[in-house]
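Architecture and fold: a report
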Amino acid sequence: MSTPYEATHEYARDQDQTDILFPFRERFLFPQHEGEDVRYFCGNSLGLQPKSVSYLMDKELSDWARYGVEGHFKAGYPWFSYHHFFAERLAKIVGANKDEVVAMNTLTVNLHMLMLSFYRPSGKRYKILMEAGAFPSDQYAIETQVRMHGYDPEDAIIEITPAEGANLIEDADIINAINEAGDSLALVMIGGVNYYTGQFFDLENITKAAHNAGAYAGFDLAHAVGNIPMKLHDWNVDFACWCSYKYLNSGPGGVGGAYVHERHGNDPTLFRLGGWWGNDEKTRFKMQKGFIPQKGAASWQMSNAPVFNMVAHNASLDIFDKAGIDTLREKSIKLTGYMEFLLRQITHLPFEIITPTEPSRRGCQLSMLFGDKGREVFDTLTSKGIIADWREPNVIRIAPVPLYNTFEDCYKFYEVLAGIE
Ligand SMILES: *Cc1c(COP(=O)(O)O)cnc(C)c1O
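Along each chain, residue indices are assigned from 1 in the same order as the chain's sequence is written. Confidence filtering applies because this is a predicted model: local features only for residues at pLDDT of at least 70, side-chain atom pairs given and counted only at 80 or more, and all residues used for totals across whole chains, interfaces and linings. Derived side-chain values reflect all non-hydrogen atoms in the structure, with water molecules and hydrogen atoms excluded from consideration.

**What to know about the overall build of the chain**
Helix and strand assignments come from DSSP, with helices taken as H or I runs of at least 4 residues and strands as E runs of at least 2, each series counted from the N terminus. Scanning the chain for helices and strands turns up 14 helices and 17 strands. Its C-alpha atoms give the chain a radius of gyration of 22 Å, within 12% of the compact-globule value 22 Å for 421 residues. Across its three principal directions, the C-alpha atoms of the chain cover 70 × 60 × 35 Å. Here the term buried applies to any residue with accessible area under 20% of the maximum for its type, exposed to any over 50%, and partly exposed to those in between, with areas from a 1.4 Å probe on protein chains only. For the chain, with 421 residues in total, the buried portion stands at 57%. In the chain, the proportion of contacts linking residues at least 24 apart, taken out of those at least 6 apart, comes to 71%. In this description the radius of gyration comes from C-alpha coordinates, and the expected globular size is given by 2.2 Å times residues to the power 0.38. Every residue pair with non-hydrogen atoms within 4.5 Å of one another is taken to be in contact.

**Brief notes about helix α6 (residues 136-148)**
Helix span, as expected, comes to 1.5 Å for every residue beyond the first. Between its terminal C-alpha atoms α6 stretches 18 Å, which fits the 18 Å expected from 13 residues at 1.5 Å a residue. The complete set of buried residues in α6 reads Asp-138, Ala-141, Ile-142, Gln-145 and Val-146. Take α6 and look down its axis: the buried residues cluster within an arc of 125°, on one side only. Where the residues of α6 are buried, they touch α5 (107-118), β7 (127-131), α7 (153-156), β8 (157-160), β9 (185-191) and β10 (216-220). Along the arc lie the directions from the helix axis toward the C-beta atoms.

**Section: the site of the ligand**
Surveying the vicinity of the ligand reveals the residues Leu-107, Thr-108, Phe-135, Asp-138, Asp-220, Ala-222, His-223, Cys-243, Tyr-245 and Lys-246. Distance and chemistry together define a polar contact, namely a pair of N or O atoms within 3.5 Å, with one atom able to donate a hydrogen and the other to accept it when in protein, and with adjacent residues in sequence counting only for side-chain atoms on both sides. Here an oxygen atom of the ligand and a side-chain polar atom of His-223 are 3.1 Å apart. Separating an oxygen atom of the ligand from a side-chain N or O atom of Lys-246 is a distance of 2.5 Å. The protein chains shown are the only cover counted for residues, whose accessible areas, like all others here, come from Shrake-Rupley with a 1.4 Å probe. Relative to its free-state accessible area of 390 Å², the ligand is covered by the protein chains to the extent of 83%. When residue character is reported, Ala, Val, Leu, Ile, Met, Phe, Trp, Tyr, Cys and Pro are called nonpolar, Asp, Glu, Lys and Arg charged, and the others, Gly included, polar. Residues that form the shell around the ligand fall into these classes: 5 nonpolar, 2 polar and 3 charged. Consider each residue's heavy atoms; a residue with any of them within 4 Å of a molecule or strand counts as near.

**Some details on the pairing of β10**
With 4 of 5 residues buried, β10 is to be regarded as a mostly interior element. Here, any two strands with at least 2 DSSP bridges between them count as paired. Of the pairings in the sheet, the one linking β9 to β10 comprises 5 bridges and is parallel in character. From the neighbouring strand, Ile-190 faces β10, where its bridge partner is Phe-219. With respect to chirality, the unit in which β9 leads through helix α9 (residues 203-212) into the neighbouring parallel β10 is right-handed. Here β10 runs beside strand β11 (residues 239-242); their pairing, made up of 3 bridges, is parallel. Counterpart to Phe-219 in the pairing with β11 is Ala-240. Convention used here: a crossover is right-handed provided that the path from the first strand, over the helix, to the second strand proceeds clockwise when the strands point away from the viewer.

**A short note on the environment of Met-368**
Residue placement: Met-368 occurs in strand β14 (residues 366-370). Using a relative accessible area of 0% as the deciding quantity, one classes Met-368 as buried. Sequence separation between Met-368 and Met-57 is 311 residues; the distance between their C-alpha atoms is 38 Å. When neighbours within four sequence positions are excluded, Met-368 is seen to be in contact with Leu-343, Phe-351, Glu-352, Asn-394, Val-395, Ile-396, Ile-398, Phe-413 and Leu-417.

**Some thoughts on a nonpolar patch on the surface**
Taken together, Leu-61, Trp-64 and Phe-308 make up a surface patch of nonpolar side chains, about 300 Å² in accessible area. Topologically, Leu-61 is positioned in helix α2 (residues 52-67). Residue classification places Leu-61 among the partly exposed positions, given a relative accessible area of 39%. Any residue with relative accessible area above 30% and no salt bridge may belong to a patch, with like charges joined within 9 Å and the nonpolar Val, Leu, Ile, Met, Phe, Trp and Tyr side chains within 5 Å. Each reported salt bridge corresponds to a side-chain nitrogen of Lys or Arg within 4 Å of a carboxyl oxygen of Asp or Glu.

**Some thoughts on the sheet that holds β11**
Taking strand neighbours across the sheet as the criterion, the 7 strands line up as β6-β12-β11-β10-β9-β7-β8 in an open arrangement whose pairing is mixed. If you trace the sheet from one side to the other, it starts and ends with β6 (101-103) and β8, each paired once. Averaged over all pairs of adjacent strands, the angle between their axes in this sheet comes to 15°, without regard to strand direction. Inspection of the sheet shows β11 paired to strand β12 (residues 257-260) by 4 bridges, in the antiparallel sense. Looking at the pairing, Trp-242 lines up with Gly-257 of β12. Every angle, taken between N-to-C directions, lies between 0 and 180 degrees, and every axis is a line fitted to C-alpha atoms, over only the stretch in contact when it is a helix. Packed onto the sheet, α9 meets β9 and β10 and runs at close to 150° relative to β10.

**Some remarks on the state of the cysteines**
One covalent bond between the sulfur atoms of two cysteine residues makes up a disulfide. What counts as a disulfide here is a pair of cysteine sulfur atoms lying within 2.5 Å. Scanning the entire structure with this criterion turns up 0 disulfides. Distance from the sulfur of Cys-241, which forms no disulfide, to the nearest cysteine sulfur (Cys-243) is 9.1 Å. Its relative accessible area of 0% is what places Cys-241 among the buried residues. Note on Cys-364: no disulfide assigned, nearest cysteine sulfur contributed by Cys-410 at a separation of 9.8 Å.

Worth remembering: the numbers are spatial, not functional.
In structure tokens, the structure reads:
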């Protein structure tokens, strides 16, 4: 380890003082505990509210009051074009071209929409490979897609589990399973960062293996987007989707996002369900028969943009743009490394960190698996103004996010944890 971390308050404060991202904390609103900001480690579950949201929301409301229908063109951010304001900033975050991304719907809806295009089972190629213990929504989506096509989930879904006694799934195990499934495989659909363990999978090589097998590769990036910089285009990923209320701080139920590689997005023969907002913009209002998909990921849109549900996204992406995803990642590696170092000083509590140690295999989340006492520890943390996240059966997840968490936050967490009997 190149950084000589120290488990002292002074060291943590020094780190904050030289952190160029430290001022970004000021842009967010923190819940209060006994008159002070809580120590918030739940940005992986629901990101904090940017202070600018309230102003921008008021602005949208007053544009509506002032312009009525004319707000479609006269509003500060004209509603007619509203979804266009996101593509460029999102593209930087996921490593794609502007036309390959779109802000629309919500995550699970996008997952279904994209699977309607990319899960087209036929003949002996009908299986979907996924990780065991995936987020429930993904499990339900994949199960019901398989049923919709008349297959039995028991037969059509290949689940990759960790080796016996292990907590993590090795990338090599996924790749071997893909090779083994060969021409029975229609789709590889995996969570980019596992929500429970915080493990980041090797998207590039998984995609390569999927393509070698003649299958598509898609990823649910709920826990990866805004957390780890990616290169979806260069990695040749076929499609991906995400939500915006976790690391992207865009509010509960905030608008989701989708990525489709341009070789598919620009292929009008690839089936997608149509709606007027996905149609070619030049003919959208001609009210003629015949769906003509526009170019890119935007052609998967159904409806006009839910503007009020996108205001916070707009505010938050501005902050991301100013901070820069690579600068955020640089701090994140250091901050999470520090948190891990501090946790390893604690030997009197029955937990192990199940998140991979290598920075390349994780984002900012650390998952602490408890033998017992997990729930008690969690409740004590909460009572002391530390917001972490509890996952059944016995995991505490913490996410020091680089946009608004500090080294001092990590130190405080450690101090409280060290004081628990
Ligand atoms: C948070 C999360 C979801 C949530 O789906 P919504 O459609 O936004 O409610 C789905 N999948 C994963 C992996 C998640 O982490």
